[in-house]
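# Reading the structure
Chain by chain, the residues:
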Amino acid sequence: MFGRMTHRALLSALLLVLAAPVLAQAEPEEFLPLTQPAELAPGEPDKQVDELIFRGGVEIMPDKAEIGGISGLEWHDGALHAVSDDGRWLVLRPEDVQGRLVDVSGVTIAPLKDAKGGKLGSKERGDAEAIARLPGGEWLIAFEQDHRIGRYAEFGGAASGSEDGAAALIAGAAANGGIETLAAYDGGLLACGEWADPARPNCLRITPAGAQSFALHAPAGIAEAGGVPTDADCAADGTCYILFRSYTPGAGNSAAIVKLAPDNTATTLAILAPPLMLDNFEGLALREEPRGDFLYLVSDDNFRNCDTKPGAGCQRTLLMKFEIAGTAPPAEAPNVVAAVPPTPATARPGKRPFPDAASISVVLTTELGDITIALETERAPVTAANFLRYVDEKRFDGTVFYRAMRLDQEPRPNGLLQGGTRWEAKRILPGIQHEPTSQTGLTHTHGALSMAMGAPGTANGDFSIMIEDQTGLNADPASSDPVWKTGYAVFGYVTAGMDVVAAIHATPLDPDAGEGWMKGQMLAKPVKIISARRAPSAPPPAP
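This report concerns the structure included in the present document. None of these values were measured; they are calculated from a predicted model.

### Focus on the sheet that holds strand β24 (residues 360–366)
- With antiparallel pairing, the eight strands of this closed barrel are ordered in space as β24-β25-β30-β28-β29-β27-β26-β31. Taken over all neighbouring pairs, the strand axes of this sheet differ in orientation by 35° on average, direction set aside.
- Pairing of strand β26 (residues 400–406) with strand β31 (residues 522–534), which is carried by three bridges, proceeds in the antiparallel orientation. Bridge pairing in β31 places Phe-401 opposite Val-527.
- Strands β24, β25 (369–375), β28 (448–451), β29 (462–467), β30 (490–496) and β31 of the sheet are contacted by helix α3 (residues 381–392), whose axis makes an angle of about 90° with β31.
- Most of the contacts of helix α6 (residues 498–505) go to β29, to which it runs at about 100°, and overall it touches β24, β25, β26, β27 (415–420), β29, β30 and β31.

### Observations regarding the pattern of salt bridges
- For the structure on display, the rule yields 29 salt bridges.
- Asp-279 is paired through a salt bridge with Arg-316; the nearest N and O atoms lie 3.0 Å apart. Taken together, the residues span a long stretch of sequence, with Asp-279 in the loop between β20 (266–272) and β21 (281–289) and Arg-316 in the loop between β22 (292–299) and β23 (317–324) at a distance of 37 residues.
- Among the salt bridges present, the one from Asp-397 reaches Arg-533, with a minimum N-O distance of 2.8 Å. Of this pair, Asp-397 sits in the loop between α3 and β26 while Arg-533 sits in strand β31, and the two are 136 residues apart along the sequence.
- The class for Asp-397 is buried, based on a relative accessible area of 17%.
- Overall, the relative accessible area of 33% leaves Arg-533 in the partly exposed class.
- What emerges from the salt-bridge pattern is a single network uniting Asp-96, Arg-287, Glu-289, Arg-291, Lys-321, Asp-408, Glu-410 and Arg-412.

### Observations regarding α3
- Along its 12 residues, α3 runs 16 Å from first to last C-alpha, staying within 8% of the 16 Å computed at 1.5 Å per residue.
- Listed as buried for α3 are Thr-383, Ala-384, Asn-386, Phe-387, Leu-388, Tyr-390 and Val-391.
- The secondary structure elements touched by the buried residues of α3 are β24, β25, β28, β29, β30 and β31.
- Phi turns positive, to about 60°, at Lys-394, one or two residues after α3.

### Notes on unusual backbone geometry
- The peptide bond linking Pro-274 to Pro-275 adopts the cis configuration, its omega dihedral lying at 15°.
- Of note, the amide linkage connecting Glu-410 to Pro-411 takes the cis form, showing an omega dihedral of -10°.
- Mapped onto the secondary structure, Pro-411 falls in the loop between β26 and β27.
- Non-glycine residue Glu-468 carries a positive phi angle of around 70°.

### Concerning the state of the cysteines
- Applying the stated rule across the entire model yields three disulfides.
- The side chain of Cys-192 participates in a disulfide bridge whose partner is Cys-203; the two sulfur atoms lie 2.1 Å from each other. Measuring handedness by torsion sign, the sulfur bridge of Cys-192 and Cys-203 sits at about 110° and is right-handed. Remark: Cys-203 occurs in strand β15 (residues 203–207) and Cys-192 occurs in strand β14 (residues 188–193); sequence separation between them is 11 residues.
- Note on Cys-192: relative accessible area 0%, which makes it buried.
- Judged by relative accessible area, Cys-203 falls into the buried class, the value being 0%.
- The connectivity of the disulfides in the chain is 1-2, 3-4, 5-6, where the numbers refer to bonded cysteines in sequence order.

Calculation rules
- Residues numbered from 1 in each chain as written.
- Predicted model: local features only at pLDDT ≥ 70, side-chain atom pairs only at ≥ 80, totals over all residues.
- Heavy atoms only, no water.
- Pairing = 2+ DSSP bridges.
- Helix = DSSP H or I, 4+ residues; strand = E, 2+ residues; numbered from the N terminus.
- Axes fitted to C-alpha atoms, helices over the stretch in contact; angles between N-to-C directions.
- Contact = heavy atoms within 4.5 Å.
- Salt bridge = Lys/Arg side-chain N within 4 Å of Asp/Glu carboxyl O.
- Buried < 20%, exposed > 50% of the residue type's maximum accessible area, 1.4 Å probe, protein only.
- Expected span 1.5 Å × (residues − 1).
- Disulfide = S-S within 2.5 Å.

Okay, here's the thing in structure tokens:
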């Protein structure tokens, strides 16, 4: 891996290789955030703490949108939906590789709106602390200071009403001690306040049978530090997972996850405490999958992010993923994403962005069939000429496709297939000048070929073919990270034979082969590239 271990940096290897709140923006902004890997325990990638197994994490930098203050989290439609205590909503698109969280590949962010579609304006009105999606599609957002639960017909839309069922819970609450925990499920709603007082119930479960208030105590191991509930999410059957957090001067942050049965019987799943890597965790989301149940935790940096305000008391925005032990099917192979057979959609050819630009076609003949490529000799002349030299000098003959990276996201199959000289000294030529996509206009869409490299100027004889769009590899001139400012070089598109690409991608993997994040991505039996030749020229049209 080169540089930061994010999904983009991971793809680099695969291709080989807050500050003050922002309330002025009016329209949703989409961008690629800066991230870096976050480990729960150094050197223990699958650290298990009680009933939770760590499955990857990232630190999200404030970046140009000054991301921070995230206080509530919800998994929906393949992404994490969040609110922040400066009156904004966010959509975070996590990226998994081999079942592990390795990056956030995109963020959408914008101000929350009032009933008239305007911004909430003041801190008192915009202090969003919890979020929940109702089974019918509506969203609830809990605010403190100006204590209320707002209803939203759609995420990011104007407020459409209020939820008053939990009003009694926050009657008389302190300005900074309102509803921090909100979760919905089929037939019910759970709300908890940010306090722990034996004489005052801190939770309320609302069902068709009525509202039931109860005291949910912090478990031993965090109760001593004043632990309070700060977020929750529920399964469809009413089983809920509640996040407790606390902070002790000199000792730092700690957290706990409690499983709450539909009858409100509580069981402690895990206590997270130093020396584990922790921060001010305030958001929790449940993700239920056939291969297991997972919890995401996110921390609120209180806009004192260590990236922009280093020093004592600085905080970070951490996003971590945990598997709930015992929820994965017994037969599931660890750390290997299951292969998905080729589909008609996968077999579609790549789409050249500039179909009228000059190109040269090359045919890769493999053990499983032919792959025809249009090399973009006009749009990416240096990179295409480099590939063509390998073809003309027969340097690809006898090489292999050796790696299949399979992403945990729809549509499936999804990821990329890597092949080429595989660093074989007698085959590789010197590195070439880098041609970023911002210069060529090409893009990492389905069927695109992209050069592997450790850094700009080092690409030689290894390449990857995109299966579905992987546009996070494109150059981002606005990025402050030099790697992503230039991105990776696209130089061609598969015009026929994507079914062959997908078939190779679906062949068995060796779960023990590869190193680091690449472990489990190597083909158990690499597929040989028998030959690589220029395609025969089309005959001239008949007179």
